Amino acid sequence: MIPLGAVEFSPGDVALILAVLPLGATALALPATLIFAWVGHQRATHHQGWAAFGYWLTGTAICLATTALAAGKGLGWWAVPLGWIPTLLLALALKPRPDPQAS
């Protein structure tokens with residue numbers, strides 16, 4: 001049956017929606033943010049795990065903000081891969097280069 005009135009959510013429904021949305025958005029950002037975390041791990045000289053975690057948090061924030069802006073423009077599901085672009089470009093720019101004089 002199709003409801004014909006306004007849709008009303010209970011407080012429990014609202015809490016569930018507010019919990020699922022950030023978790024789903026974070027999961028959709030993983031292809032870009034894991035690459036950025038790996039770059040952080042490679043760049044670190046000490047505490048590589050914490051560096052990777054910090055890069056992952058930063059990449060997630062950038063990715064989610066870009067995805068939200070793209071979704072606000074009405075791009076639908078295309079907003080997800082478009083949200084990866086700034087994080088991936090930053091990962092490419094910060095990727096450590098192999099030192100040719102090391103060997």
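You'll find the structure just up there.
Note that the coordinates shown come from a computational prediction; the quantities given were computed from them, not determined experimentally. (Residues numbered from 1 in each chain as written. Predicted model: local features only at pLDDT ≥ 70, side-chain atom pairs only at ≥ 80, totals over all residues. Heavy atoms only, no water.)

Residue-level account of the side chain of Thr33, with values.
Relative to the assigned elements, Thr33 resides in helix H1 (residues 11-43). Thr33 sits in the buried class, given a relative accessible area of 0%. When near neighbours in sequence (up to four residues on either side) are disregarded, Thr33 contacts Trp56, Gly59, Thr60, Cys63 and Thr87. (Helix = DSSP H or I, 4+ residues; strand = E, 2+ residues; numbered from the N terminus. Buried < 20%, exposed > 50% of the residue type's maximum accessible area, 1.4 Å probe, protein only. Contact = heavy atoms within 4.5 Å.)

Describe in detail the packing of aromatic side chains, supporting the description with residues and values.
For any pair of aromatic rings, geometry is given as the distance between the ring centres together with the angle between the planes. Enumeration over the complete set of coordinates arrives at three aromatic pairs. Relative to Tyr55, the ring of Phe36 has its centre 5.1 Å away and its plane inclined at 45°; by these criteria the two rings are tilted. Of this pair, Phe36 sits in helix H1 while Tyr55 sits in helix H2 (residues 48-72), placing them 19 residues apart in sequence. For Phe36, a relative accessible area of 3% corresponds to the buried category. For Tyr55, a relative accessible area of 22% puts it in the partly exposed group. (Phe/Tyr/Trp six-rings, centres within 6.5 Å; stacked < 30°, edge-to-face > 60°.)

I'd love a proper account of helix H3 (residues 79-94), names of residues and values included.
Taking 1.5 Å per residue, 16 residues should reach 22 Å; H3 reaches 24 Å between its end C-alpha atoms and fits that length. Along H3, the helix axis deviates most sharply at Pro86, where the bend reaches about 25°. Turning to H3, its buried residues are Ala79, Val80, Gly83, Thr87 and Ala91. Close packing links the buried residues of H3 with H1 and H2. (Expected span 1.5 Å × (residues − 1). Bend = angle between axes of the 7 residues up to and from the residue.)

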